[in-house]
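A look at the structure
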Amino acid sequence: MCGIIAASTERSIGKLLIQGLYKMEYRGYDSAGIAMHTENKVAHLRALGKVKLLEDLMINEKPKGKVGIAHTRWATHGEPSEVNAHPHQSNERIFIVHNGIIENYLELKDELASKGYAFTSKTDSELIAHLLDSYLEEGSSLLKATKQLKDKLQGAYAIAALDHSDPNTLVLARNRSPLLIGLGEDENFAASDPLALADLTNKFLILEDGDVAKISPNNVEIFDKNNKACKRDIQIIDIKSEAASKGDYKHFMEKEIYEQPNAILNTLDGRVGGDDVLENIFGEGSNNLFAKVKRIQIAACGTSLHAGRVAANWFSAIAGLPTQIDYASEYRYKNPYVDKNTLLVTISQSGETADTLAALRYAKDQKYLASLAICNVPTSSLARESDFLLLTNAGPEIGVASTKAFTTQLIALMLLTLSLAKASGTNPKLRSRVIQALRQMPDIVEKSLELKGDIVDIASEIAQQDNALFLGRGMFYPIAKEGALKLKEISYIHAEAYPAGELKHGPLALIDERMPVVAIAPEHELAEKLVSNLEEVKARGGALYVFGNAKEKLSLERGKYISMPECDFLLTPILYTIPLQILSYEVALIRGTDIDQPRNLAKSVTVE
Ligand code: F6R
């Protein structure tokens, strides 16, 4: 949701800023821009569209500079356009890039307009440049002006700013949007994501909410929310640069689907031993805490919420714990009733999703036993602000559609289920069985990747349609929802999911030869009822695409049966996710959509 990068160096930075933007394009890709001190002026280039167009502009204009800021945008206020693209400027003196939303922007805009500032864009961000300029007019330095800015702005922001008259210095501010400083030798950087700086440094200072910082090639000064000079600990973050490259794959999504066996291995690594889950893997004292847990509250968004929905089945069946699950965007508006000894669980790939963070922050004032996060990004706000944490260790996920983050969240949530069950001494035999099954998961998932050939056949049929239904029962209903979300997100086919038994209560009216129905049908206690539901589809001429392991139970007239590998029943939701990911990917490939950067979307949704 917008990516910002800034550099204060002694070398030419044009290429470096563009490379950084490419790595953050997953955060937004409707326009991009750059502002750089050059010999006699600030070069200011903006392009509507992806970073490539800005790069082309840079190649044409060839600006040379050592200090600058750059931005890739996901529009919130004002349509994608060149004038709405960042950096925004005021009086050709102050240039800023911003990620976040300024909630009181109308009021501030009026105030600035009455002082004579003319607005050229429809964004909420432009006022930041004018506000800084107005403080400079009153005699403030850029650093002082940025500190003053904090008293005015309401909302979320990560800001990098430069002043035309100070060619070495950049000023940064952070509140509820990610921003970190990368430390180099005689050069310093800042970015929304360490990935953007992975080729430049592995030493980072993570700014806290309310921080303002000033960086020059040889110096970094940080001031906390009370404007007191402060230090932030240096964190070493090593990101392999191949993580940000597609390698031999056509898309990041494809690469990330095929990385899943390894990603699952990494989630399990160091967390299981013998025939049980290891102690305190969620942090010191987590095992003692788990013994007190009587109830779980989950808050998450999108795919991460689907992982939570699967886990709710596990918490109840394996650990004997009831679970309440809510969209993070809804949770705090419903005055949630918090029962005694309830554990709050948030799930997020990025750890920066604004709604999930808001849920966590709201919950901190409620009477929860503790908060626990399942997250993929160690430096994220969610990871840092939660009492307990398990990192999924899936490696950077760059495709906007979540794949390996989801399956590793499920593995992490199963580890949580087992830890909760262990703490109360529940189901020791079952726990040991699941541990053995978890160890086999990387190989079983690897096997499921071989189904691609069969799935390509289905994809060519589904790609011709405008709608699709996904069916699943019990813990496969959230997997059906995830399959439908993936399909609509990257192929733009309208897709919905239903628990199979709900079909006859309305959606059956939609079934005809143009409505493909994808069913997740592993053999289990509900499978026979599911078969009856599928017969209802058949009887109405619908094409069925069934993923299961009991082919003999169903004869298909239209559609196809895909025989899935065997795995422990409790882990089948993880396994059955894989072919649905491949299906969406192959359908999108046929339809020629922008798979890694689908229209209107961005990864890491940092606005509420
Ligand atoms: C879908 C997808 C989104 C995210 C959601 C939450 O493929 O990626 O639905 O799952 O925006 O994001 P995180 O997990 O970063 O909180």
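Structure: above.
What you see is a predicted model, and the numbers here were worked out from it, not measured in a lab.

Looking now at the nonpolar core. Core analysis: the largest hydrophobic core is formed by 92 residues, its most contacted members being W314, L413, L438, M441 and F470. For this core, the element with the highest residue contribution is helix α13 (residues 404-423), accounting for 11 residues. Composition of this core by domain shows at least three residues from each of domain 2 (246-449) and domain 3 (450-595). Setting aside residues up to four positions removed in sequence, F470 forms contacts with A480, G483, A484, L487, A495, E496, A497, Y498, V518 and L580.

Further remarks concern the site of the ligand. Around the ligand, the structure places 14 residues, and the nearest of them are S304, S348, Q349, S350 and T353. A distance of 3.1 Å separates an oxygen atom of the ligand from a polar atom in the backbone of T303. Between S350 and the ligand, the recorded distance is 2.7 Å, taken from a side-chain N or O atom to an oxygen atom. When isolated, the ligand has an accessible area of 400 Å², and the protein chains bury 88% of it. Breaking the shell around the ligand down by element, the ones donating at least two residues are α9 (302-319) and α16 (477-491). Both domains that meet at the shell around the ligand, namely domain 2 (246-449) and domain 3 (450-595), each give it at least three residues.

Counted according to the given criterion, the structure contains five aromatic pairs. Measuring from centroid to centroid gives 6.0 Å for Y249 and Y258, while their planes differ by 25°, and the two rings are stacked. By relative accessible area, which is 34% here, Y249 ends up partly exposed. Relative to Y362, the ring of Y331 has its centre 5.7 Å away and its plane inclined at 90°; by these criteria the two rings are edge-to-face. In this pair, Y331 sits in helix α10 (residues 328-331) while Y362 sits in helix α11 (residues 354-364), placing the two residues 31 residues apart along the sequence. We classify Y331 as buried; its relative accessible area is 0%. Given a relative accessible area of 21%, Y362 falls into the partly exposed group. By way of ring pairs, the aromatic residues F476, F569 and Y576 are connected into one cluster. The side chain of K109 reaches across the aromatic face of F119, ending 5.2 Å from its centre. Geometry around F223 places K147 over its ring, the cationic atom sitting 3.8 Å from the centre.

Here strand β3 (residues 42-48) lies mainly inside the structure; five of its seven residues are buried. Sheet topology note: the strand β2 (residues 31-37)/β3 ladder contains seven bridges and is antiparallel. By the bridge assignment, G33 is partnered in β3 with R46. Here β2 folds back onto β3 in antiparallel fashion, the turn holding four residues.

Mapped onto the elements of the fold, T146 is located in helix α5 (residues 142-152). Polar side-chain contacts of T146 include one of 2.7 Å to the backbone oxygen of L142. Residues contacting T146, with those up to four places away along its chain left out, are L132, V171, L172, A173 and V212.

Attention shifts here to the sheet that holds strand β18 (residues 295-300). A sheet is described by the order of its strands in space; here five strands give the open sequence β19-β18-β20-β21-β22, paired in parallel fashion. Each edge of the open sheet is held by one strand with a lone partner, namely β19 (323-327) and β22 (388-391). Averaged over all pairs of adjacent strands, the angle between strand axes in this sheet comes to 20°, irrespective of strand direction. Of the strand pairs in this sheet, strand β20 (residues 342-348) and strand β21 (residues 370-375) are connected by six bridges, and their pairing is parallel. The partner of I347 across the bridge, within β21, is I374. Sheet strands in contact with α11 are β18, β20 and β21, and its direction is about 160° off that of β20. Packed onto the sheet, α13 meets β18, β20, β21 and β22 and runs at close to 165° relative to β20.

Quick notes on the rules
- Residues numbered from 1 in each chain as written.
- Predicted model: local features only at pLDDT ≥ 70, side-chain atom pairs only at ≥ 80, totals over all residues.
- Heavy atoms only, no water.
- Core = buried A, V, L, I, M, F, W, Y, C linked by side-chain atoms within 4.5 Å.
- Buried < 20%, exposed > 50% of the residue type's maximum accessible area, 1.4 Å probe, protein only.
- Helix = DSSP H or I, 4+ residues; strand = E, 2+ residues; numbered from the N terminus.
- Domains from an automatic or database assignment.
- Contact = heavy atoms within 4.5 Å.
- Near = heavy atom within 4 Å.
- Polar contact = N/O pair within 3.5 Å; in protein donor to acceptor, adjacent residues only side chain to side chain.
- Areas by Shrake-Rupley, 256 points an atom, 1.4 Å probe, with all protein chains shown as cover.
- Phe/Tyr/Trp six-rings, centres within 6.5 Å; stacked < 30°, edge-to-face > 60°.
- Lys NZ or Arg CZ within 6 Å of the ring centre and 35° of its normal.
- Pairing = 2+ DSSP bridges.
- Axes fitted to C-alpha atoms, helices over the stretch in contact; angles between N-to-C directions.

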